Amino acid sequence: MPSFTNLLIVMAVAFSAPLVLGLFPRLQLPSVVLEIVAGIVIGPSVLGIAEVDQTVQVVALLGLAFLLFLAGLEIEFDKLRGPVLRLTGLAFAVSFGIALVVSLGLEAGGLVDTPLLVAIILCATSLGVLVPVLKDASEISSTFGQLIIAAASIADFGAIILLSIFFSGEGGTASTLLLLGALFALAAVVFGVVRGAEHSMRLRADLLRLQDTTAQIRVRAALVLFVGFAALAETLGLEVILGAFIAGAIISLVDRDEVMTHPDFRRKLEAVGFGVFIPAFFVTSGVRFDLDALMSSASTVIMVPIFLAALLAARGIPAIMYRRAIDGRHAAIAGILQATSLPFIVAATAIGLELGLIDAAGSAALIGAGLLSVLIFPLAGLLLLKRAAPAPEADTEPVLGRSGAASHSAV
């Protein structure tokens, strides 16, 4: 019979982490870092008071899927078009190329066994960590801030697609791409059906009547879409996280009038995700973290700063291209900021471990590098932003156009 004992410990840590950070507001530390570290402490590697049983595993899996669902929901596709899309898309392609070269070099040095997986992991950016940093610096609506948000969105989307192709490639790349095409085609059909249903006045009135009652009809509809695409992706032999991400993206595309008729809808979804499942996933990732494997040899420990430098190279160097839109100093700061990555690293290594494509030492080193990136890069970028002069907006108009100055509403 499933037990709730380990889940109780995990949820208690998930509750305590942001509460403790709230008592020390000067400590600029994302709660995800403390959640993972606390998970390591309570896990078998240190205190051994919690373990990942069947109940915890199910909740953590939902947390992983919900994390990608909300990532898809965060993307504002209106911002990803024209010059912005071309510039950030090209920068991401260069980023993946650099990551691949670096990973092949690490393979030649005997440090990694799956260079393609490591390359995919290295080219992601943590948008959820960067948005608060940009807000603190009053840059969220500037051309500089919007460029970073667009680049992080492209990195999220591109990395998830690449990861799905990699993990689902047993049947061959061609068949995987065909399955991906089928999934995206079905997503387009669902998008069209949902968008068309919006024109029904009777249906819209019913949704409006039920959305804030105990029915919570919009939340239930979102969860049906979330679970449906996750199950569909699994049935097609693709990764569950891709289906969850697509479901979030569909809602982002369909949900246009949230401020006028349902201002609390997205906050309710975030409450479900960040209030229940996602922190459980991060704490569980800490419980699973194999500290003994990381500390087993000096070469494994050295992998942490090596992976950290690889993150900075893969995501930082392509920011040189942003000099078409912003000055050189702000381009360098953008490179430092977009090298911040942790949630995607944790998700990718968790799947890689489950499939036997990465060992415990490599996973621990990558997560360790991700933890350091969240601790170092946002703080460094924020300090440099405070010292830098405001980025000139006038010079960016030919590249970003008017959309570059629009404010970003997703948090």
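Rules of the game
- Residues numbered from 1 in each chain as written.
- Predicted model: local features only at pLDDT ≥ 70, side-chain atom pairs only at ≥ 80, totals over all residues.
- Heavy atoms only, no water.
- Helix = DSSP H or I, 4+ residues; strand = E, 2+ residues; numbered from the N terminus.
- Buried < 20%, exposed > 50% of the residue type's maximum accessible area, 1.4 Å probe, protein only.
- Contact = heavy atoms within 4.5 Å.
- Phe/Tyr/Trp six-rings, centres within 6.5 Å; stacked < 30°, edge-to-face > 60°.
- Expected span 1.5 Å × (residues − 1).
- Arc of directions from axis to C-beta.
- Core = buried A, V, L, I, M, F, W, Y, C linked by side-chain atoms within 4.5 Å.
- Salt bridge = Lys/Arg side-chain N within 4 Å of Asp/Glu carboxyl O.
- Axes fitted to C-alpha atoms, helices over the stretch in contact; angles between N-to-C directions.
- Parallel < 35°, antiparallel > 145°, perpendicular 65-115°, else oblique.
- Patch = residues over 30% accessible without salt bridge, like charges linked within 9 Å, V, L, I, M, F, W, Y side chains within 5 Å.
- Areas by Shrake-Rupley, 256 points an atom, 1.4 Å probe, with all protein chains shown as cover.
- Polar contact = N/O pair within 3.5 Å; in protein donor to acceptor, adjacent residues only side chain to side chain.

A closer look at the overall build of the protein chain
Then comes step 1: The helix and strand tally for the protein chain stands at 19 helices and 0 strands.
Then comes step 2: Seen through its C-alpha atoms, the protein chain measures out along the principal axes to roughly 65 × 65 × 50 Å.
Then comes step 3: The 411 residues of the protein chain split such that 51% are buried.
Then comes step 4: If you take every contact in the protein chain between residues at least 6 apart in sequence, the share linking residues at least 24 apart comes to 79%.

Some thoughts on unusual backbone geometry
Then comes step 1: Residue glutamine 216 is not a glycine yet carries a positive backbone phi of 45°.
Then comes step 2: The exposure class assigned to glutamine 216 is partly exposed, which follows from its relative accessible area of 25%.

Thoughts on the packing of aromatic side chains
Then comes step 1: In total, this model carries 6 aromatic pairs according to the counting rule given.
Then comes step 2: Between phenylalanine 281 and phenylalanine 282 the ring centres are 5.3 Å apart and the planes differ by 50°, which places this aromatic pair in the tilted class.

Description of helix H5 (residues 115-122)
In an α-helix, one full turn covers 3.6 residues, which means residues spaced three or four apart are oriented alike.
Then comes step 1: With 7 of 8 residues buried, H5 is to be regarded as a mostly interior element.
Then comes step 2: The set of residues buried in H5 consists of Pro115, Leu117, Val118, Ala119, Ile120, Ile121 and Leu122.
Then comes step 3: Summarising the contacts, the buried residues of H5 are in contact with helix H4 (82-108), helix H7 (143-167), helix H15 (298-316), helix H17 (343-354) and helix H18 (360-387).

Quick word on helix H10 (residues 217-235)
Then comes step 1: The end-to-end C-alpha distance of H10, which contains 19 residues, comes to 26 Å, matching closely the 27 Å that a straight helix rising 1.5 Å per residue would cover.
Then comes step 2: If you check which residues of H10 are buried, you get Arg218, Val219, Ala222, Leu225, Phe226, Phe229, Ala230 and Ala233. When H10 is viewed along its axis, its buried side chains cluster within an angular range of 125° and face the same direction. In this structure, H10 carries Val224, Glu234 and Thr235 as exposed residues pointing more than 90 degrees from its buried face.
Then comes step 3: One or two steps after H10, the chain reaches glycine 237, where phi turns positive at roughly 85°.

With respect to the environment of leucine 180
Then comes step 1: Within the element layout of this structure, leucine 180 appears in helix H8 (residues 173-197).
Then comes step 2: Those residues in contact with leucine 180, other than ones at most four positions away along the chain, are Ile165, Leu238 and Leu242.

Looking at the nonpolar core
Then comes step 1: By size, the foremost hydrophobic cluster in this structure holds 98 residues, and its most contacted members are Phe69, Phe229 and Phe307.
Then comes step 2: Among the elements that line this core, the one with the most residues is helix H3 (residues 54-74), at 11 residues.
Then comes step 3: Contacts of phenylalanine 69, omitting those with residues within four sequence positions, involve Ala222, Phe226, Ala244, Phe245, Ala247, Gly248, Ile251 and Leu269.

Looking at the pattern of salt bridges
Then comes step 1: Tallied over the full model, the rule gives 4 salt bridges.
Then comes step 2: Residues arginine 209 and aspartate 206 are paired through a salt bridge, measuring 2.6 Å at the closest nitrogen-oxygen approach. Taken together, the positions of arginine 209 and aspartate 206, both in helix H9 (residues 201-210) and 3 residues apart, correspond to about one turn of that helix.
Then comes step 3: By relative accessible area, arginine 209 is classed as exposed at 55%.
Then comes step 4: According to the relative accessible area criterion, aspartate 206 is partly exposed, its value standing at 30%.
Then comes step 5: Arginine 267 is the salt-bridge partner of aspartate 264, the closest N and O atoms lying 2.4 Å from each other.

Quick look at the packing of helix H1 (residues 5-23) against helix H13 (residues 265-288)
Then comes step 1: As a packed pair, H1 and H13 sit with axes 9 Å apart at the nearest point and diverge in direction by 105°. The angle between H1 and H13 places the two elements in the roughly perpendicular class. For the pair formed by H1 and H13, the contact residues are Val10, Met11, Val13 and Ala14 on the first element and Val276, Pro279, Ala280, Val283 and Thr284 on the second.

A word on the side chain of serine 103
Then comes step 1: One can find serine 103 in helix H4.
Then comes step 2: If we ignore the near neighbours within four places in the chain, the residues touching serine 103 are Val112, Pro115, Val118, Ala119 and Leu122.

Comments concerning a nonpolar patch on the surface
Then comes step 1: Residues Val37, Val41, Val46, Leu47 and Ile49 make up a contiguous nonpolar surface patch of about 400 Å² in total accessible area.
Then comes step 2: Considering the arrangement of structural elements, one finds isoleucine 49 in the loop between helix H2 (31-42) and H3.
Then comes step 3: Residue class for isoleucine 49 comes out partly exposed when judged on its relative accessible area of 46%.

Regarding the side chain of threonine 114
Then comes step 1: With respect to the element layout, threonine 114 can be found in the loop between H4 and H5.
Then comes step 2: The exposure class assigned to threonine 114 is buried, which follows from its relative accessible area of 17%.
Then comes step 3: At 3.3 Å, the side chain of threonine 114 forms a polar contact with the backbone oxygen of leucine 357.

Structural notes on the environment of isoleucine 241
Then comes step 1: Here isoleucine 241 shows up in helix H11 (residues 240-254).
Then comes step 2: Take isoleucine 241: its relative accessible area is 3%, and that puts it in the buried class.
Then comes step 3: Measuring from C-alpha to C-alpha, the distance between isoleucine 241 and serine 252 comes to 16 Å, with 11 residues separating the pair along the chain.
Then comes step 4: Leave out the neighbours within four places in its chain, and isoleucine 241 touches Leu64, Leu68, Leu163 and Ile351.

Thoughts on the environment of leucine 382
Then comes step 1: Counting through the fold element by element, leucine 382 comes out in helix H18.
Then comes step 2: Taking C-alpha positions, leucine 382 is 22 Å from phenylalanine 307, a pair spaced 75 residues apart along the chain.

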